[in-house]
Amino acid sequence: MTNLHEQYAARADEARAEADNATLANVRERCLRSATAWEAMAARARRSETMRAKLQAEKEIARTETETIESNRLQPAGIT
């Protein structure tokens, strides 16, 4: 599955290609504005995906630590 930021970056590339092929100045400018917007969305999506992965990893670490603490708490004394 393609990441969302990759899809947005591809759309930015398409918009730049359309701008290169445009014969009218206003169409070229519109395409370049579109490319800029897609690039900004790609950057935001990349940051979101990175943050989501980081938070997921932190939650997994916390879950593992909690399980270890609970496991140690439930063991009878003298058994390690």
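Since this is a predicted model, take the numbers as computed values, not measurements.

Engineer: Whenever I open this one, the side chain of histidine 5 confuses me. Can you help?
Structural biologist: Here histidine 5 lies in helix H1 (residues 4-21). Setting aside residues no more than four positions away along its own chain, histidine 5 makes contact with Ala42, Ala45, Arg46 and Glu49.

Engineer: It is not clear to me how the packing of H1 against helix H2 (residues 25-74) should be interpreted in this structure. Could you clarify?
Structural biologist: Packed helices, taken two at a time, are described by their axes: the angle between them and the distance between them. One can describe the packing of H1 onto H2 by two numbers: an axis separation of 8 Å at closest approach and a directional angle of 165 degrees. On the basis of their axis angle, the class for H1 and H2 is roughly antiparallel. Crossing of H1 against H2: the hand is left-handed. Residues Leu4, His5, Tyr8, Ala9, Arg11, Ala12, Ala15, Arg16, Glu18 and Ala19 of H1 lie in contact with H2, whose contacting residues are Arg28, Cys31, Leu32, Ser34, Ala35, Trp38, Glu39, Met41, Ala42, Ala45, Arg46 and Glu49.

Engineer: Any chance you could explain the pattern of salt bridges here in plain terms?
Structural biologist: With the rule as written, the count across this model stands at five salt bridges. Close ionic contact of glutamate 60 with arginine 63 constitutes a salt bridge, the shortest N to O distance being 2.3 Å. Linking glutamate 60 with arginine 63, this pair stays in helix H2, spanning three residues, or about one helical turn. Given a relative accessible area of 39%, arginine 63 falls into the partly exposed group.

Engineer: Would you mind showing me how to read H2 here?
Structural biologist: One turn of an α-helix holds 3.6 residues; hence residues three or four places apart share an orientation. Helix length check: H2 (50 residues) gives 73 Å between terminal C-alpha atoms against 74 Å at 1.5 Å per residue, within 8%. Cys31, Ala35, Trp38, Ala42 and Ala45 are the residues of H2 that are buried.

Engineer: Is there a simple way to explain H1 in this structure?
Structural biologist: The terminal C-alpha atoms of H1, which comprises 18 residues, lie 26 Å apart, in line with the 26 Å expected from a rise of 1.5 Å per residue. Among the residues of H1, those classed as buried are His5, Ala12, Ala15 and Ala19. Taken around the axis of H1, the buried residues stretch over an arc of 75 degrees, which confines them to a single face. Structural note: H1 exposes Asp20 and Asn21 on the side pointing more than 90 degrees away from its buried face. Looking at the buried side of H1, the elements it contacts are H2.

What counts as what
Residues numbered from 1 in each chain as written. Predicted model: local features only at pLDDT ≥ 70, side-chain atom pairs only at ≥ 80, totals over all residues. Heavy atoms only, no water. Helix = DSSP H or I, 4+ residues; strand = E, 2+ residues; numbered from the N terminus. Contact = heavy atoms within 4.5 Å. Axes fitted to C-alpha atoms, helices over the stretch in contact; angles between N-to-C directions. Parallel < 35°, antiparallel > 145°, perpendicular 65-115°, else oblique. Left-handed = near helix turned anticlockwise from the far one by under 90°. Salt bridge = Lys/Arg side-chain N within 4 Å of Asp/Glu carboxyl O. Buried < 20%, exposed > 50% of the residue type's maximum accessible area, 1.4 Å probe, protein only. Expected span 1.5 Å × (residues − 1). Arc of directions from axis to C-beta.

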